[in-house]
Amino acid sequence: MDHDPRELKSWAKRTGFNSTFSAETTLSSLIDEGAEDAAPPPPTRRDAEFDLEKGIGRDRGNGAVSKVDMDPILGQRSAGAEINPLKDPDPVGLKDVGRRHEKEKQRSVVDIDVGLKEVRLEGNDRSMRANDEVIKGGRSGNGEAVAAIAPGNGEPKEEDLEIDFFGDSPDPHNSAPFKSGLTCDLLENQGFGRLVLYGIQQYLSLIGSLVFIPLIMVPTMGGTDGETANVISTVLLISGITTIVHSFFGTRLPLVQGSSFVYLAAALVIANSSEYRNLSENKFRHIMRELQGAIIVGSIFQTILGYSGLMSLILRLINPVVVAPTVAAVGLSFFSYGFPQAGSCIGISIPLILLILIFTLYLRKISIFGHHMFLIYAVPASLAIVWAYAFFLTAGGAYKYNSCSSNIPSSNILSDTCRKHALTMKRCRTDVSVALNTASWIRIPYPCQWGMPTFSFRTSIIMTIVSVVTSVDSIGSYHATSMFMSLRPPTPGVVSRGIGLEGLSGILAGLWGTGTGSTTLTENMHTLQSTKMASRKALAVGAVFLIICSFVGKLCAVLASIPLALAAAVLCFTWSLIVALGLSTMGYTQTASSRNTLIVGFTLFISLSVPAYFQQYPQDSVLVLPSYLVPYAAASEGPINTGSEGLNYALNSLLSLNMVVALLVAFILDNTVPGSRRERGAYIWSSSGISETDPSSLAPYLLPEKVGCLFRWAKWVGS
């Protein structure tokens, strides 16, 4: 019989019934913990038990049905669900419950034939009865699930208990993705104009991560304003190329590739070592060539780690409890640099920080032309406003001091008064940089532009370990992105493929000389949530735009002239965002677990305390380092002494890096302290049962057919 939709909605609220059997959530939201290790026997006419991970029902033969755990990742209750048949029927007839997408006319219906007597949720004592009914779950043309209940015979049969939440698509490459409130889906094509708009906005929202690393690193390495502009040009070029390559041959998720802050910390340690600290001639090129060689070695290791299949094995030991504190430590490691640099010119840095916070927090829900403009363009808009404000302050003489010049090195200033104001003029004025005057209009970065890379054992060890940390960071980004897009978590094989390609991208970065390796930017997740844009094509179009911009020398020179205080202010927000994104990974676990909270809390504390111990040793140098660089100068003077100078350097350097200590501690604790897979959030990250049950769920990750055949030698193929 038919029912009023309003009555059905009211009934659904009372009983907790969810009418949308989404292909993205339902299969993993009901998992029998014992189903992973036991093969399901054939079902009988009697009491049937669901095993949704394997996609079939099974009977234990004793009339008792085990509890079904809800998936904590999807926000469901984890205990209290039983499926018990009742003898006293209470039929409920439902028809066409669900929703149909307006754009799609066709619907591929997939049957879930289960003879249910009663589903009782113990947690809230609500029940849904269905006797002599067959639940039919359907999926609309856009991939969204619908459900209906049709008459049956009330007896579970073997063919009735087969569950197929996805259905086989005749062309998995062209199948519509599942929607998750996105403006533009993974495979959606909204026209060239919109693709260009979406692609450009994606990179504008990430400008802090793409541009500001050279602004910090190059001056520390002794580089000039012109060299800063050239490094920015190189970073933009490599970011564009590697993003396109990753979109087609990596995980195929819409993730921007670029310079990582993990590599920045290691680069600052190497640049502040004793042998480079006192150099006065060609200091920048010496350090850059050393970094190039170390990055190439570390990236080769990362490539082998991915394509050999080792990452598939290691992935079983890397869970959210490991990823969360490791990523958070990346942002926390720069606390001694962030505000001390921004505070050198409070007049422009404080307004910039406040403006970013106002846009991202207080005005984030304001929509203009259907877009949350303040949230999406918070960083570039705030930077442009305050940069213009700083320009007017400079033109008005706010940072001008009589008979003092900002172009004279502070070491050559004789007047004590001018020496006192030299730092303020350098950090606050907008006309200090000479890059715009010396830069050419067109400049194309090329390999080995700083000279041939130099290779050394000690720096190669540092970058090899750092490549492992960036791999862990990327694993968290892969899973968070897939969950946000309502896709199945990437399999160990897909993760290995992405890590291997990031290694190849790092080799390109080392050859061209960006100073850092290339990896998946952690901030991608915030960008996806802000822009709601997940189109692979739009990301590629934006990457082409980025490559074109890298050839415009004057544009890179303008970016290089951003006052350092403004760059540090933006990075204060960016680093805090990385901390938040890292800790949000704990949402995939049981966050109330004392085991997890103790591991994460202890790891974060130790990741700050141990490097502080290594940084307390005095630096053997005739030059006095600024306070914000002291944490990166422990490589040569640390407490470890093994008899090998190179090994001492590497170990002291690694243990002075917060994220390395965090990864080491969290990895050991999470894999030695007892805890269930559900508690640790492990099964959703490392389980391949879903892909085995329904291979079509991996369609978004599949390589193009003509390309996939070229990679059959790789160990991750088929995993």
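Residues numbered from 1 in each chain as written. Predicted model: local features only at pLDDT ≥ 70, side-chain atom pairs only at ≥ 80, totals over all residues. Heavy atoms only, no water.

(A) Inspection of the side chain of Asp670 at higher detail. Within the secondary structure, Asp670 sits in helix H25 (residues 658-672). On the basis of relative accessible area, Asp670 is assigned to the buried category, the value being 1%. Here the side chain of Asp670 touches Arg680 through a polar contact of 3.3 Å, side chain to side chain. Apart from residues no more than four positions distant in its own chain, Asp670 is found in contact with Asn319, Val321, Val322, Arg595, Ile599 and Arg680. (Helix = DSSP H or I, 4+ residues; strand = E, 2+ residues; numbered from the N terminus. Buried < 20%, exposed > 50% of the residue type's maximum accessible area, 1.4 Å probe, protein only. Polar contact = N/O pair within 3.5 Å; in protein donor to acceptor, adjacent residues only side chain to side chain. Contact = heavy atoms within 4.5 Å.)

(B) Fine view of the pattern of salt bridges. One pass over the full model with this rule turns up 4 salt bridges. Among the ionic pairs, Asp431 bridges to Arg429, the shortest N-O distance being 2.8 Å. Residue Arg429 is classed as buried on the basis of its relative accessible area of 13%. Across the pair Asp670 and Arg680 runs a salt bridge, and its minimum N-O distance is 3.3 Å. Residue Asp670 is found in helix H25, and its partner Arg680 is found in helix H26 (residues 677-680); the two are separated by 10 residues along the sequence. Among the ionic contacts, a cluster of salt bridges with common partners joins Arg595, Asp670 and Arg680. (Salt bridge = Lys/Arg side-chain N within 4 Å of Asp/Glu carboxyl O.)

(C) Up close: the state of the cysteines. Scanning the model with the defined rule gives 1 disulfide in all. Through a disulfide, Cys345 is tied to Cys428; the S-S separation comes to 1.9 Å. Around the S-S axis, the bridge from Cys345 to Cys428 shows a dihedral of about 135° and counts as right-handed. Here Cys345 is found in the loop between helix H11 (335-342) and helix H12 (346-362), whereas its partner Cys428 is found in helix H15 (residues 416-428), with 83 residues between them in sequence. The exposure class of Cys345 is buried, given its relative accessible area of 4%. For Cys428, a relative accessible area of 1% puts it in the buried group. (Disulfide = S-S within 2.5 Å.)

(D) Layout of the packing of helix H10 (residues 320-332) against helix H23 (residues 594-615). Packing of H10 against H23 brings their axes to within 10 Å, and their N-to-C directions diverge by 30°. On the basis of their axis angle, the class for H10 and H23 is roughly parallel. Regarding H10 and H23, the two cross each other, and that crossing is right-handed. Contact residues: Val321, Pro325, Ala328, Ala329 and Leu332 in H10; Arg595, Asn596, Ile599, Val600, Thr603, Leu604, Ser607 and Leu608 in H23. (Axes fitted to C-alpha atoms, helices over the stretch in contact; angles between N-to-C directions. Parallel < 35°, antiparallel > 145°, perpendicular 65-115°, else oblique. Left-handed = near helix turned anticlockwise from the far one by under 90°.)

(E) A look at the environment of Gly250. Relative to the helices and strands, Gly250 is located in the loop between helix H5 (225-249) and strand E11 (257-259). By relative accessible area, Gly250 is classed as buried at 0%. Those residues in contact with Gly250 that lie beyond four places of it in its chain are Val245, Arg497, Gly498, Leu501 and Leu703.

(F) Expanded view of the nonpolar core. Formed by 123 residues in total, the largest nonpolar core has its most connected members in Phe212, Phe261, Met463 and Met659. Among the elements that take part in this core, helix H22 (residues 564-584) stands out by supplying 13 residues, more than any other. (Core = buried A, V, L, I, M, F, W, Y, C linked by side-chain atoms within 4.5 Å.)

All we've got here are geometric facts, nothing functional implied.
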